[in-house]
Amino acid sequence: MPLIDLGYPLSNNTPPFPGDPSVEIKILASTAQTGREERQSLNCGQLTLPIHCATHIDAPYHFYANGPTIDQIPLTDCTGPAVLLDLFDLPVIDAQHLSSHREQLTAHHHAILHTGWYRQWGEDNFFTEHPVLTAAAAQLLVDCGVHLIGVDFPSVDRPPHEAHLVLLGNNLLIVENLTNLDAIGPRPFDFSAIPLAIVGRDGSPVRAFARIND
Ligand SMILES: [Zn+2]
C-alpha cells in the first residue's frame, strides 16, 4: 500500500506565513566541524518555527480560548478514510461548489480540498492571492458531519476569518498547506496528519500523507 507524502519539507528557506518569524534550524553539534575545535562524534540540531508554518494543523483553540488545544485532540481524529474534492482554479469556494459533493462528504469524516494552488508554492503571490472558503461553504462541511478538512493553500480564509470561526467553532480540524495532491488520483485513500502533542497550543506542524487503499 503506497504512502504519498503530502507535506512540505522544513528548512531555513521554508517561507513562513507573512509576519511570522522564519524557520531556524541550528546545528548544535556536527561531525563535519573543522578548525581548532575537535571533530565531534555526532550530529545534533535545534528547530525553531512558528506553528502555522508549512504543512500544519489548526486546533479549535487557534480562534477559541475555550476550544480544545492540539494536545487534547485524539489521534483518531487525525487519520481516516477521506474524500478528495476537485475544486480547481476557484478563487472563492462557496457552498454551491461543495453541494454537488454532499453525498461523498456525508460518507467521509475527512475531506481534502484540491484547488491546485500548491503549484504556486514559492511564488510571490502564494500567501496573498490564495483561494478562500466562505462561511457558507464551511457551514456545509459542518452540516455534512466532516471532522477534518485539508487544503492545498496557506489559510482557509483572510481576516475577519469567517470560515476559520465556523469550522473551529464546530470542532473541525483544519490542515493547511498540503502539497502533491495530484499524486492521489481517483483511488480511495486514508488521510493522516499527525500533530505533535504541544501542550496548551493552537496547532502543530504535521507529517501529512495519503495511504492508497487498493
Ligand atoms: Zn493555521
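**Student:** How should I be thinking about the overall build of the protein in this particular structure?
**Tutor:** The secondary structure content of the protein amounts to four helices and 12 strands. Here the C-alpha radius of gyration of the protein, 18 Å, is about what a compact globule of 214 residues would show, namely 17 Å. Expressed as lengths along the three principal axes of its C-alpha atoms, the size of the protein is roughly 65 × 40 × 35 Å. Of the contacts formed within the protein by residues at least 6 apart in sequence, a portion of 72% connects residues at least 24 apart. Total accessible area on the protein stands at roughly 10800 Å², and carbon and sulfur atoms take up 52% of it.

**Student:** Explanation requested: the coordination of the zinc ion in the structure shown.
**Tutor:** Think of it this way: four donors in a tetrahedron around the metal ideally sit 109.5 degrees apart, and six in an octahedron ideally sit 90 or 180 degrees apart. For the zinc ion, the protein coordination sphere consists of His52 (ND1), His56 (NE2), Asp58 (OD) and Glu176 (OE), at 2.1 to 2.3 Å. For the zinc ion, the four donor atoms in the first shell make angles of 78 to 173 degrees at the metal, a pattern classed as irregular. Here the donor residues for the zinc ion map to a single chain with the spacing H-x3-H-x1-D-x117-E. On the criterion of sequence distance, the pair formed by Asp58 in strand β4 (residues 56–58) and Glu176 in strand β10 (residues 173–176) is long-range, its members being 118 residues apart. The pair formed by Asp58 and Glu176 is uniform in burial state, with each residue classed as buried.

**Student:** Would you mind going over helix α4 (residues 162–169) with me for this structure?
**Tutor:** What sets the pattern is the α-helix's 3.6 residues per turn: residues three or four places apart point alike. Looking at α4, one finds that the buried residues are Ala163, His164, Val166, Leu167 and Leu168. Where the residues of α4 are buried, they touch β4, β8 (132–133), α3 (135–143), β9 (148–151) and β10.

**Student:** Looking at this structure, how should I read α3?
**Tutor:** Within the span of α3, buried status applies to Ala137, Ala138, Leu140, Leu141 and Val142. In this structure, the buried side of α3 is in contact with β6 (92–93), α1 (95–99), α2 (102–107), β8, β9 and α4. The positive-phi residue at the C-terminal boundary of α3 is Gly145, with phi of around 85 degrees.

**Student:** Which parts of the structure should I look at to understand the packing of aromatic side chains?
**Tutor:** The description of an aromatic ring pair rests on the distance of the ring centres and on the angle between the ring planes. For the structure on display, the rule yields five aromatic pairs. Here the aromatic rings of Trp121 and Phe126 are separated by 5.2 Å at their centres, their planes lie at 90 degrees, and the arrangement is edge-to-face. Among the residues examined, Trp121 registers a relative accessible area of 24% and is labelled partly exposed. Pairwise contacts between aromatic rings join Tyr8, Phe17, Trp117, Trp121, Phe126 and Phe127 into one cluster. Its end group placed over the ring of Tyr118, Arg119 keeps NZ or CZ at 5.5 Å from the ring centre.

**Student:** Would you mind going over the nonpolar core with me for this structure?
**Tutor:** The nonpolar side chains of a soluble globular protein tend to be buried, and buried together. By size, the foremost hydrophobic cluster in this structure holds 58 residues, and its most contacted members are Leu105, Leu133, Ile149 and Phe191. Considering each element in turn, this core owes the most residues, five residues, to α3. Setting aside residues no more than four positions away along its own chain, Leu105 makes contact with Val83, Leu85, Leu98, Ala111, Leu140, Leu141, Cys144 and Val146.

**Student:** Is there a simple way to explain the side chain of His130 in this structure?
**Tutor:** With respect to the helices and strands, the residue His130 is situated in the loop between β7 (110–114) and β8. Within the local environment of His130, its side chain forms a polar contact with the backbone oxygen of Ser155, the two atoms lying 3.4 Å apart. Each residue touching His130, except ones within four places of it in the same chain, is listed here: Pro91, Trp117, Asn125, Phe153, Pro154, Ser155, Asp157 and Arg158.

**Student:** Please clarify how the pairing of strand β5 (residues 79–86) should be interpreted in this entry.
**Tutor:** On a regular strand, one side chain projects to one face of the sheet and the next to the other, so that they alternate. The sheet contact formed by β5 and strand β11 (residues 189–195) spans four bridges and is antiparallel. Within β11, the residue paired with Thr79 across the bridge is Ser192.

**Student:** Got a minute to help me understand the pattern of salt bridges in this structure?
**Tutor:** Note on pairing: side chains with opposite charge can pair once their charged atoms come close. Enumeration according to the criterion identifies three salt bridges in this entry. For Asp182, the salt bridge is made with Arg119, and the minimal N-O distance between the two is 2.7 Å. Of this pair, Asp182 sits in the loop between β10 and β11 while Arg119 is found in the loop between β7 and β8, placing the two residues 63 residues apart along the sequence.

**Student:** Explain a nonpolar patch on the surface to me, please; I cannot follow it from the model alone.
**Tutor:** A cluster of nonpolar side chains, Leu10, Ile25 and Leu47, forms an exposed patch at the surface whose accessible area comes to about 240 Å². One can find Ile25 in strand β2 (residues 24–29). On the accessibility criterion, Ile25 (34% relative accessible area) is partly exposed.

Procedures and definitions
Residues numbered from 1 in each chain as written. Predicted model: local features only at pLDDT ≥ 70, side-chain atom pairs only at ≥ 80, totals over all residues. Heavy atoms only, no water. Helix = DSSP H or I, 4+ residues; strand = E, 2+ residues; numbered from the N terminus. Rg over C-alpha atoms; globule rule 2.2 N^0.38 Å. Contact = heavy atoms within 4.5 Å. Areas by Shrake-Rupley, 256 points an atom, 1.4 Å probe, with all protein chains shown as cover. Donors = N, O, S within 2.8 Å, 3.2 Å for Na, K, Ca; no water. Tetrahedral: all angles 85-135°; square planar, octahedral: opposite > 155°, others 65-115°. Buried < 20%, exposed > 50% of the residue type's maximum accessible area, 1.4 Å probe, protein only. Phe/Tyr/Trp six-rings, centres within 6.5 Å; stacked < 30°, edge-to-face > 60°. Lys NZ or Arg CZ within 6 Å of the ring centre and 35° of its normal. Core = buried A, V, L, I, M, F, W, Y, C linked by side-chain atoms within 4.5 Å. Polar contact = N/O pair within 3.5 Å; in protein donor to acceptor, adjacent residues only side chain to side chain. Pairing = 2+ DSSP bridges. Salt bridge = Lys/Arg side-chain N within 4 Å of Asp/Glu carboxyl O. Patch = residues over 30% accessible without salt bridge, like charges linked within 9 Å, V, L, I, M, F, W, Y side chains within 5 Å.

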